[in-house]
Amino acid sequence: MKQSYIEYFRSIDAHSPISSEFRVRTLSGALISIFTLVLTIYLIGSEYTYNLTPTFLDHVHVMPQSPDGLEVEFDITFQHIPCALLATDANDPTGQSQSFHIDKNHRVWKHRLDKNGNTIGHKSRFELGGTLIHEDQLDSLKAAKESDATQQQPGEELDEADDEEDCGSCYGAGEEGECCNTCDDVKRAYRRKSWHIPDVSKISQCAHMLRASNEEGEGCNVHGKIALSTGGGNLHFAPDRQWEKEGANPMQNQLGFLDLNSIIEMFNDAYEQFNVSHTVNKLTFGRSLPDRVRNSLNLTSQLDGVSRTVVDGYGMFQYYLQVIPTKYQFLNGTSIETFQYSVTEHTRHVDPGSNRGLPGVFFFYEVSALHVEFEEYVRGYSHFFTGVCAAVGGAFTVMGMLDRKMFDLKRANPRTVGGGVLG
C-alpha cells in the first residue's frame, strides 16, 4: 500500500531528470548557458535594486493653510559692483518693506572681491534695507534731509562715542537704555525714528566702513539666510544709500542739507558703475535635503550656478519664482518640510530719466496653493521574489528555446551552421 502511494507521487513529477546518456552537449549550448547565467545574475541584481531600494511616491493636493514662514538662503556674486554701492532688501506685494527675522541663524554678509574674483579681507555683516529701486525716491531723500533740523532733538550732536564703552551710543535715536554697538545698530535706530544721518563719518561704530571710492574696480559677494513672509513679495539687490557712508562731502550745501542736483549727478555716475552682471551661486528655500534624497529624485535648484551679463546699456534682472511647499516623509517616521521652486526670468533695460526704475536684481516670489508630498517606501521581499522567479524563469525558458532551435538547425544543415564548428 505504501509502495503504491510512492509510485503515484512519482507519476506526477513535472521535473523528471533526463538521463545523461540522452543529453547532447554542444559548444553553442555551453555559450548559451554561460550567457544565461550572466543574464540571471544581472536580473536578480536589478530586481533587488528595484524592489528593496527606498524610493519616493509623490502626491499633490491643495493646502488648507499657508506655511508659517519662508526661509531663504542665497549666495550671489556681483563682479562689477563695489560692496559700498550694494544693498539688499525685501518688499511685500504692496511695495512695503518686510520685517526681517534677524538672529544668529539669520544674517546677511558682504565680502569684497578683487577684479579676479578673489576675496579681500574679512566678510562683514550688514543690516537689510536702504535700497533705491525708483527714481522718484531721490525727491524723498531731499525732503528727509531738510527735515532733520526739526526732527532731531535740540542739543543732540553726533559726538564720537568712547571705544571703551560696553554699551555703544545711539546718538539720540535709541530708546532709553538701548545700546548701539555696530554701525547697523545706529542706522536701524535712526530709521526707526525716520531721521537721516547727517554725517556718518562722526559715528565711531561706522569708522571702519569703506567708501565707494576706496572700492573702485572691485566686486562684491552677498550671501546669507533670512526669513520672509509666505504672503509673497520680492527680495532685491539695488543701489545703496551711498551718501550715508560718504559722510560730509561736496554734495552738502552751506546749510548742511543735501543738494538734489548733486544727488542726480551722483546717480548718473551710479548708473555707469552699477553693472548688475551677476552669478547666482546658491538660492534655496526652506531646509536643505540629504544628498541621497536629492540624488534619488534628481532635485536641483534651477538658478544655482546661473550667470547673467549686461551687454548693452543698463539692466534690471527680474526672476519670477513659483515656490511650492514640499514635504518628505521617510521610512523611519521622520519628515522634512521645505520648498521647491520654478522660475521664469525677464531682463528690463533702464536708462536715467526713463522712470522704469534703477538697475538691480529682483527675485519676485509667490507661494503656491498646491502642496507636494513625497513618501518614501520600499516594495518589499514579496515583490522581489516574484520578480526574481519571473525574470529567471523567463530567461531559462527563452535561452532553452534558442538552444533547441540552434541544435535543430545544425542537425538539419550541418554545413551551413559550421559542420562541427559549433558542435
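Residues numbered from 1 in each chain as written. Predicted model: local features only at pLDDT ≥ 70, side-chain atom pairs only at ≥ 80, totals over all residues. Heavy atoms only, no water.

So, about the overall build of the protein chain. The helix and strand inventory of the protein chain stands at ten helices and 13 strands. Expressed as a percentage of the 423 residues in the protein chain, the buried residues total 40%. Taking all contacts inside the protein chain whose residues are at least 6 apart in sequence as the whole, residues at least 24 apart take part in 78%. Of the roughly 24500 Å² that the protein chain leaves accessible, carbon and sulfur atoms contribute 52%. (Helix = DSSP H or I, 4+ residues; strand = E, 2+ residues; numbered from the N terminus. Buried < 20%, exposed > 50% of the residue type's maximum accessible area, 1.4 Å probe, protein only. Contact = heavy atoms within 4.5 Å. Areas by Shrake-Rupley, 256 points an atom, 1.4 Å probe, with all protein chains shown as cover.)

Turning our eyes to something else, we now look at the nonpolar core. In this structure, Phe74, Phe237, Leu283, Phe285, Leu303, Leu321 and Phe363 are the most contacted members of the largest nonpolar core, which totals 36 residues. Within the residue set of this core, elements represented by two or more residues are strand 2 (70-78), strand 3 (86-91), strand 6 (219-228), strand 7 (233-239), strand 8 (278-285), strand 10 (314-329), strand 11 (335-350) and strand 12 (360-367). Considering every element that reaches this core, the biggest residue donor is strand 2, with five residues. Counting residues in each nonpolar core, the second largest holds eleven residues, with Cys180, Cys183, Val186 and Cys206 among its members. (Core = buried A, V, L, I, M, F, W, Y, C linked by side-chain atoms within 4.5 Å.)

What follows is about the pattern of salt bridges. Under the definition given, this model contains four salt bridges. As a salt-bridge pair, Lys282 and Glu73 come within 3.3 Å of each other at their nearest N and O atoms. Of this pair, Lys282 sits in strand 8 while Glu73 sits in strand 2, and the two are 209 residues apart along the sequence. Assessed through its relative accessible area of 27%, Glu73 is described here as partly exposed. Residues Glu218 and Arg112 are paired through a salt bridge, measuring 2.6 Å at the closest nitrogen-oxygen approach. Linking Glu218 in the loop between helix 5 (183-192) and strand 6 with Arg112 in strand 4 (residues 108-113), this pair joins segments that are 106 residues apart in sequence. Overall, Glu218 belongs to the buried group, its relative accessible area being 10%. (Salt bridge = Lys/Arg side-chain N within 4 Å of Asp/Glu carboxyl O.)

Moving on, we get to the packing of aromatic side chains. Evaluation of the coordinates by the stated rule reveals 14 aromatic pairs. Ring centres 6.2 Å apart and planes at 80° place the aromatic pair Phe56 and Phe330 in the edge-to-face group. Here Phe56 is found in strand 1 (residues 55-62), whereas its partner Phe330 is found in the loop between strand 10 and strand 11, with 274 residues between them in sequence. Its relative accessible area of 10% is what places Phe56 among the buried residues. Classification of Phe330 by relative accessible area gives buried; the value is 9%. Members of the aromatic cluster, connected to one another through ring pairs, are Phe74, Phe78, Phe237, Tyr319 and Phe363. In this structure, Lys123 is placed above the aromatic ring of Trp109, and the distance from its NZ or CZ to the ring centre is 4.6 Å. (Phe/Tyr/Trp six-rings, centres within 6.5 Å; stacked < 30°, edge-to-face > 60°. Lys NZ or Arg CZ within 6 Å of the ring centre and 35° of its normal.)

The final tally for this structure, using the stated rule, is two disulfides. A sulfur-sulfur separation of 1.9 Å characterises the disulfide bridge that pairs Cys170 with Cys180. What sets the handedness of the Cys170 and Cys180 disulfide is the S-S torsion sign, and at about 95° it is right-handed. Here Cys170, found in the loop between helix 4 (148-151) and helix 5, pairs with Cys180, found in the loop between helix 4 and helix 5; they are ten residues apart in sequence, far enough to count as distant. The pair formed by Cys170 and Cys180 is uniform in burial state, with each residue classed as buried. (Disulfide = S-S within 2.5 Å.)

Turning our eyes to something else, we now look at the packing of helix 2 (residues 27-52) against helix 9 (residues 381-412). Running from N to C, helix 2 and helix 9 cross one another at 160°; their axes reach a closest spacing of 9 Å. In terms of axis orientation, helix 2 runs roughly antiparallel to helix 9. Here helix 2 and helix 9 pass one another in a crossing that is right-handed. For the contact of helix 2 with helix 9, the residue count by class is 17 nonpolar, seven polar and two charged. (Axes fitted to C-alpha atoms, helices over the stretch in contact; angles between N-to-C directions. Parallel < 35°, antiparallel > 145°, perpendicular 65-115°, else oblique. Left-handed = near helix turned anticlockwise from the far one by under 90°. Nonpolar A, V, L, I, M, F, W, Y, C, P; charged D, E, K, R; others polar.)

Glancing now at the pairing of strand 6. Most of strand 6 sits inside the fold, with nine of its ten residues counted as buried. As defined by bridge partners, strand 2 adjoins strand 6 across nine bridges and the pair is classed as antiparallel. Across the sheet, residue Phe78 finds its bridge partner in strand 6, namely Cys220. Across six bridges, the pairing between strand 4 and strand 6 is antiparallel. Considered in strand 6, the bridge of Val108 is made with Gly224. (Pairing = 2+ DSSP bridges.)

Before going further, it helps to examine helix 9. Owing to its 3.6 residues per turn, the α-helix aligns residues three or four sequence positions apart on the same side. Relative to the 46 Å expected for 32 residues at 1.5 Å per residue, helix 9 spans 46 Å between its end C-alpha atoms, a close match to the ideal helical length. Within the span of helix 9, buried status applies to Phe384, Gly387, Val388, Ala391, Val392, Ala395, Met399 and Lys410. (Expected span 1.5 Å × (residues − 1).)

So, on to a nonpolar patch on the surface. On the surface, a cluster of nonpolar side chains totalling about 500 Å² of accessible area is made up of Tyr5, Tyr8, Phe9 and Ile12. For Ile12, the position within the fold is in the loop between helix 1 (2-11) and helix 2. (Patch = residues over 30% accessible without salt bridge, like charges linked within 9 Å, V, L, I, M, F, W, Y side chains within 5 Å.)

Mapping Tyr328 onto the fold places it in strand 10. Residues Tyr328 and Val293, 35 residues apart in the sequence, show an inter-C-alpha distance of 9.0 Å. Each residue touching Tyr328, except ones within four places of it in the same chain, is listed here: Phe56, Leu289, Val293, Leu297, Leu299, Thr334, Ser335, Ile336, Thr338, Gln340 and Phe374.

The six strands lie next to each other as 5-4-6-2-8-9, forming an open sheet whose pairing is antiparallel. Strand pairing shows two members of the sheet lacking a second neighbour, strand 5 (119-125) and strand 9 (306-308), which therefore form its edges. Direction aside, the axes of adjacent strands within the sheet are offset by 15° on average. Pairing of strand 2 with strand 8, which is carried by seven bridges, proceeds in the antiparallel orientation. Residue pairing in the sheet places Val72 in a bridge with Phe285 of strand 8.

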